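Coordinate analysis (summary)
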Amino acid sequence: MSCPRLPALLLAAVVCLAAAGCGGSSSGSPSSSTRARARSTAHTAAAGAAAARPHPEGPAHPRLLPSATATGNTPFVPAMTVRGQPVAWVARQSGLALLSFSQRGTVLHLHSGTVDAGPVGWRWGPDISSGERRVAIAGFNGGFKLDVGAGGFASHGRVASPLRSGLGSIVTYSDGYTDIGTWGSEVPAHGRHVVTVRQNLALLIDHGRAAGNVDCASCWGATLGGVTDPARSALGITADGHLIWAGGEHLTVSALASTLLAAKVVRAVELDINPEWVAAYLYAHHGSHGLAPVQVVPGQPGIPGQLLTPYARDFFVVVAR
């Protein structure tokens, strides 16, 4: 192993202290004045080296990049940074959009709504909280209404709808990592403490393959007017742990699955469907708590209040670590 290089002045001071005749007495020990000068030189050199070290770039809160508001089709491009490092990417195709989140720099929060799962008693309630606003990156819709029996909801030890084996589950652990898998077999991981779970139907994608019934429209939720291609959304995970949200205004189940597979998703859960309940936002920051929502899906009707005011349904918020 090679030794680290010392700053020139500091090295000179160390050599001076080590040398027997460097201004020393006849006994070979440095004089008091020599030692004082050496200490002063070393202190000055160390202070200069510390001042030269680069400081963390960017503000503490996330920064929205121009690509987040661009129109037209694009592959994944950086959309948000924290201290100069990309943490979220956006891709747009005709009529749909995708968001990708690095879990090294982000955490997923499961929020209750005023109806699903109720306005009080939850860690994260029906709007983006004041504590989240300084670090908010994105927000997007949750799953089906809990009263249709398509899945469970649990948060920090409290259950709004019982968790069921065999259902696709979005699971966040106490260390902030989120995984997606079949409840009771793929998740939860042994020995890891679960803080939130949102279930919705069986997995749309598992082991990097679409479910065998993607052509059965009725198997994936009732659509307004009985159309096969309503607004539709999903959340998936890649092999390297990136979370991928995908949504569009006119998507069949098969098209949604194909979009996720093209983004290298290995497991995914379908989230909500129909125009009123599919939406995603990135958030531009103004000051310490001011947020300006940026619509992600082209032509989406949107959620009243953009998740910044109380909303009836459950939803997810992505925040910076």
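Right above here is the structure, for reference.
Not measured: the values here are computed from a predicted model.

**Topic: the environment of glycine 113**
Mapped onto the elements, glycine 113 comes out in the loop between β5 (106-111) and α3 (130-133). On the accessibility criterion, glycine 113 (0% relative accessible area) is buried. Other than its neighbours up to four places away in sequence, glycine 113 contacts Gly118, Pro119, Pro126, Tyr311, Ala312, Arg313 and Asp314.

**Details of the packing of aromatic side chains**
Throughout the structure, instances matching the rule amount to six aromatic pairs. Between tryptophan 122 and phenylalanine 153, the ring centres sit 5.2 Å apart and the planes meet at 80°, which makes this aromatic pair edge-to-face. With tryptophan 122 in the loop between β5 and α3 and phenylalanine 153 in strand β7 (residues 153-155), the pair connects residues that are 31 residues apart, well separated along the chain. For tryptophan 122, a relative accessible area of 12% gives the class buried. Given the relative accessible area of 0%, phenylalanine 153 is considered buried.

**Concerning the sheet that holds β5**
Strand order across the open sheet formed by five strands is β5-β19-β6-β17-β18, with antiparallel pairing between neighbours. The sheet is open, and its two edges are formed by β5 and β18 (290-295), each paired on a single side. Adjacent strand axes in the sheet meet at a mean angle of 25°, parallel and antiparallel pairs treated alike. The pairing of strand β6 (residues 136-141) with strand β19 (residues 315-320) spans five bridges and is antiparallel. Its bridge partner being in β19, alanine 138 is matched across the sheet by valine 318.

**Thoughts on helix α4 (residues 253-262)**
When α4 is considered as a whole, its buried residues turn out to be Val253, Leu256, Ala257, Thr259 and Leu260. End-on view of α4: buried residues confined to an arc of 160°, all on one side of the axis. Contacts made by the buried residues of α4 are with β4 (96-101), β12 (205-206), β13 (209-210), β14 (232-238), β15 (243-248) and β16 (265-273). Of the residues one or two after α4, lysine 264 is the one with positive phi, at around 70°.

Conventions adopted
Residues numbered from 1 in each chain as written. Predicted model: local features only at pLDDT ≥ 70, side-chain atom pairs only at ≥ 80, totals over all residues. Heavy atoms only, no water. Helix = DSSP H or I, 4+ residues; strand = E, 2+ residues; numbered from the N terminus. Buried < 20%, exposed > 50% of the residue type's maximum accessible area, 1.4 Å probe, protein only. Contact = heavy atoms within 4.5 Å. Phe/Tyr/Trp six-rings, centres within 6.5 Å; stacked < 30°, edge-to-face > 60°. Pairing = 2+ DSSP bridges. Axes fitted to C-alpha atoms, helices over the stretch in contact; angles between N-to-C directions. Arc of directions from axis to C-beta.

From the geometry alone we can't say anything about function, so treat these as descriptive.
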